[in-house]
Amino acid sequence: DVSGWPPEQQKNYDIYSAKCSKCHPLARSVNARFTATEWKRYMKRMIRRPNSGINEEQAAAIYEFLKYKSSQEM
């Protein structure tokens with residue numbers, strides 16, 4: 001339930017869930033124990049993947065969501 005999250009993170013989650021679920025179960029990334037630096041590196045790789053459909057703006061939103069989600073679990 002994302003209703004308690006800040007509005008910006010709710011928007012970022014929508015992008016994340018639409019783009020990342022094409023290739024991965026969402027639980028894979030939300031349960032990963034990556035740091036912000038690791039997420040940034042990972043998102044750069046995902047942009048370059050053929051057929052990812054992720055542009056720079058979407059990657060930035062996904063990164064912000066993953067960084068936010070990771071900070072909530074620490």
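Residues numbered from 1 in each chain as written. Predicted model: local features only at pLDDT ≥ 70, side-chain atom pairs only at ≥ 80, totals over all residues. Heavy atoms only, no water.

### Regarding the nonpolar core
Right, so step 1: Within the largest apolar cluster, 16 residues are counted, with the highest numbers of intra-cluster contacts made by Tyr 16, Trp 39, Met 43, Ile 54, Ile 62, Phe 65 and Leu 66.
Right, so step 2: Secondary-structure elements contributing two or more residues to this core are helix 1 (7-20), helix 3 (36-48) and helix 4 (56-73).
Right, so step 3: Per element, the largest residue contribution to this core is 6 residues, and it comes from helix 4.
Right, so step 4: Excluding residues within four positions of it along the chain, Met 43 makes contact with Ile 54, Ala 59, Ile 62, Tyr 63 and Leu 66. (Core = buried A, V, L, I, M, F, W, Y, C linked by side-chain atoms within 4.5 Å. Buried < 20%, exposed > 50% of the residue type's maximum accessible area, 1.4 Å probe, protein only. Helix = DSSP H or I, 4+ residues; strand = E, 2+ residues; numbered from the N terminus. Contact = heavy atoms within 4.5 Å.)

### Details of the confidence of the model for the protein chain
Right, so step 1: Scored by pLDDT, the protein chain has a mean of 91; 97% of the residues are at 70 or more.
Right, so step 2: Across the protein chain, the secondary-structure element scoring lowest on mean pLDDT is helix 2 (residues 26-30), at 89, and the one scoring highest is helix 1, at 96. (pLDDT = per-residue confidence, 0-100.)

### Section: unusual backbone geometry
Right, so step 1: Residues other than glycine seldom take positive phi values, yet Asn 51 does so here, at roughly 65°.
Right, so step 2: Within the secondary structure, Asn 51 is located in the loop between helix 3 and helix 4.
Right, so step 3: With a relative accessible area of 72%, Asn 51 lands in the exposed category.

### Some remarks on the side chain of Lys 19
Right, so step 1: Tracing the sequence through the fold places Lys 19 in helix 1.
Right, so step 2: Look past the residues within four positions of Lys 19 in its chain and what remains in contact with it is Ser 52, Gly 53, Ile 54, Gln 58 and Ile 62.

### Some words on the layout of surface pockets
Right, so step 1: There is about 290 Å³ of room inside the largest pocket.
Right, so step 2: In this structure, the largest pocket is lined by 20 residues; those nearest its centre are Cys 20, Cys 23, His 24, Tyr 42 and Met 46.
Right, so step 3: Of all the secondary-structure elements, those providing two or more residues to the lining of the largest pocket are helix 1, helix 2, helix 3 and helix 4.
Right, so step 4: At 4 residues, the largest contribution of residues to the lining of the largest pocket is made by helix 3.
Right, so step 5: Among the residues forming the lining of the largest pocket, the class breakdown is 13 nonpolar, 4 polar and 3 charged. (1 Å grid on protein atoms, 1.4 Å probe; cavity = no way out; pocket = protein on both sides within 12 Å on 5 of 7 lines; lining within 4 Å. Points joined across faces, edges and corners; volume = space filled by probe spheres on them. Nonpolar A, V, L, I, M, F, W, Y, C, P; charged D, E, K, R; others polar.)

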